[in-house]
Every structure is written in C-alpha cells, then in structure tokens.
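Structural overview
Spelled out from the first residue to the last, the chains are:
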Amino acid sequence: MNCHLLVSDLFWPTSAGNEPYSGLALPALETLLARGRGVRTAGASLERWLASEYRLSEGLPLAPFSLRGDGGKPGGDCWMRADPVHLKLHGERLILADASRLAVTAEESREFVAALNSHFAGEGISFIAPSPLRWYLQTADAQRLRTTPTAEAAGRNVDALLPGGDDGARWRRVMNEAQMVLHQHPCNEAREQRGQLAVNSVWLWGPGRDHSLTAPYETLWADHPLAAGLAAAGGAAARPLPASGESLKEARRSGTQLVVLSLPATAYGDLADWRDAVAMLERLWIAPLVSGLRDASLESLTLHGLGPDFGYTSSLTARDRLRFWRVRRPLHAYAALT
C-alpha cells in the first residue's frame, strides 16, 4: 500500500505565530516530517487541493461532484453549491459563519429551500438540500464565474470573495434576493428566539457540470462528500473513513490510497479543539501508519498537510525512516520555514 494522508487545517495562519503548536507532543508526525522527503506548498483548502489533484480548472467546478457524494444525480445541468451561512456585520466588515456554526436541522433546510424555490420559480433555477450542511442550486446554463469555497470564506470578510466574472453580477443579485427571503422566514424568527444564529444567506460557489475524471488514486477513504464524488467520477473505489490507521492497515488494500481527514477549521480560532484533534491525529493515524512502514504493511506514506497560508508535503519510505541524522523538529518549525 502506498498511502497518502490528506489533512486539512494542519497549519494555522502565519499571523498566529508559534502559539497554536506550543507543547504538542507529536513524535510520529515529527518523524514523518523530518525524515521524509518534504516540500513546502502553497496555502489551500481541502476543496482547492482536491480540485488540483483531479486536474480541474482554477474555477473550481466542484459542485456536481459534491452532489454525487451527497447521493444526488447531477445529470447534464450546471450545479453550484448554495451553502446556508450567517453573515454578520462587524464594523465595516461582513463576516461569514458557515453551516458548522449553525446546527441547521433537516426540517429547517426543507422549509428554507421551499421558500427559495417559490421565490426564484420564474428564473430557471432551483435549490435542493440533500444535507442540512450543503445546499445546491441547479440551472440549465453554464456560468462564467469566479467563486470561493465556503471553507475559504469562513470567518473572513466576504466583500472581496463574492462571485465575480462575466456572470458575477447576476449571482450577486440572486444572493441578495435570497437574503431577503431568508431574513423574513419564520424558521429564522424561531432560531433567533432560541438564541441561534439566523440562516440569513446562501454562499454560491463551485459552478460546473458533471463529467468523467481520471482518478489519481485507486481507493479513496473519506467521510467527505466531495472527495467521494470525485472518486466516483474517476471510477475509483470510495470507502467510508476507517476508525484509525490501524483499521486501514487491516483492510489490506493494495495500490495507491488517499485518506481524507479534516481538523477543526482554524478560521474560528478554536485552539483547544484543534489541539485535541491534532493529538488524536497523532495517536490514531500518524503513529500506526508510520509503524506500518516498519512492519511492511505500507510501502510509503505521504502526508499532505494543508493550511490557509501554506502547507507541507512529506513522503516517507521504510528506508527513509533510517535517516537518523535528520533531526526531528516541532511542528511550529515548519510553520516558520520560508
């Protein structure tokens, strides 16, 4: 097995300095980074990394593949993600909170989407919500748009991230009208009475049509619908995420494998949750997989660690493990590299 481990939000924004990494005990991760053959990479979200890996355009036409992973059938129409979000004005900045902060229920999603479909019935667009976390917009025509994934807009001022390109003005108008529909919806009144954030906008991104892809991995292990949908479009096997690296080794799959793991988003500054998740990553995934090089259950292990400002890729083989002169360094040392 040649295992690739994709980990989103392994690194914090450079402005955070060393504090997020201070005192973390990560011997297996440090071994993988120090003795592997590594390279610093550009900042990327999980969505942007997957688009690049599957040779999709910089426009990130990912929505139809995400829909596949959510059990939908894209057909020949153009699809966009239309994720439920909360936009809040902070001074002169409009800050986005994504669905992970909203706890939207399936019933609320159905009612919100019904209201949006009623409003936009004459425009040739429709909304569906196969998941409370992910809504989609369907339209017959291809769209010339530049968009930003919700994960990249989360916690940020969205003014410069709104849909652009030749068709940008139309879809900014759609977003504005959707905000008016959602603002007056009874479900939002009830949410605010319960002290919850209102679902007061949709975030449009990832326009594209479904088509076949060339899969760079023979098997993909993930609980992420976009990853699963891309694998399906490439004819690769898509499997649920195992409980741990030990479970992955016990599956005894040969060939090139991609495991997709998501850490808590650094955008919201939840440092304690992130540190707990990194400690669990070390214990459940990195340590068992590094040991797999010693017991020959793995031929190679490649980490793709992502962050908003930079990432780091390191590939380790059994022979590389013997490069004892490569001294382990703490995780923050890789954040400081230029």
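Presented here is an overview of the structure given in this document. Position labels on residues start from 1 in each chain and follow its written sequence. Side-chain atom pairs in this predicted model are given and counted only at pLDDT of 80 or more, local residue features only at pLDDT of at least 70, and totals for whole chains, interfaces and linings cover all residues. Hydrogens and waters are ignored; side-chain quantities use all the structure's heavy atoms.

1. Some thoughts on helix α8 (residues 225-233)
Worth spelling out the cut-off: The cut-offs for exposure are 20% and 50% of the maximum accessible area for each residue type, with area from a 1.4 Å probe on protein chains only; residues under the lower value are buried, those over the upper are exposed, and the others partly exposed. The way it works is that DSSP assigns letters per residue, a run of H or I at least four long becomes a helix, a run of E at least two long becomes a strand, and they are numbered from the N terminus. In what follows, residue pairs with any heavy atoms lying within 4.5 Å of each other are defined as contacts.
Along α8, seven of the nine residues are buried, which leaves the element largely enclosed by surrounding structure. Taken together, the buried positions of α8 are P225, L226, A227, G229, L230, A231 and A233. Structurally, α8 contributes buried residues whose contacts are with α2 (46-53), α3 (63-69), β6 (134-139), β8 (219-221), β9 (237-239) and β10 (256-262). Where α8 ends, the next residue or the one after it, G235, has phi of about 75°, a positive value.

2. Some points on the sheet that holds strand β1 (residues 2-8)
Inclusion rule: Should DSSP find at least two bridges between two strands, the strands are taken to pair. Angles here are taken between N-to-C directions and fall from 0 to 180 degrees, while the axes themselves are lines fitted to C-alpha atoms, restricted in helices to the stretch in contact.
Ordered by their spatial adjacency, seven strands build an open sheet running β2-β12-β11-β1-β10-β8-β9, and the pairing between neighbours is mixed. Looking at the sheet topology across the chains shown, the edges are occupied by β2 (37-42) and β9. Between one strand axis and the next, the sheet turns through 15° on average, direction left out of account. On the sheet, helix α1 (residues 27-35) packs against β2, β11 (300-305) and β12 (310-317) and is oriented at approximately 85° with respect to β12. The strands touched by α2 are β1, β10 and β11; relative to β10, the strand with the most contacts, the crossing angle is about 160°.

3. Points about the layout of surface pockets
Stated precisely, the cut-off is as follows: In this analysis the probe radius is 1.4 Å and the grid spacing 1 Å, with only protein atoms considered; a cavity is a set of points the probe fits into but cannot get out of, a pocket is an open set with protein on both sides within 12 Å along at least five of seven lines, and lining residues have an atom within 4 Å of a point. Grid points are joined across faces, edges and corners, and a volume is the space filled by probe spheres set on the points. Amino acids are sorted into nonpolar (Ala, Val, Leu, Ile, Met, Phe, Trp, Tyr, Cys and Pro), charged (Asp, Glu, Lys and Arg) and polar (every other residue, Gly among them).
Taken as a whole, the largest pocket spans an internal volume of roughly 1200 Å³. If you go around the largest pocket, you meet 43 residues; those closest to its centre are D9, E47, D98, A151 and A265. Among the elements of the structure, α2, β3 (78-90), α5 (150-153) and β10 are those that each provide at least two residues to the lining of the largest pocket. Across the lining of the largest pocket, the residue classes tally to 20 nonpolar, ten polar and 13 charged.

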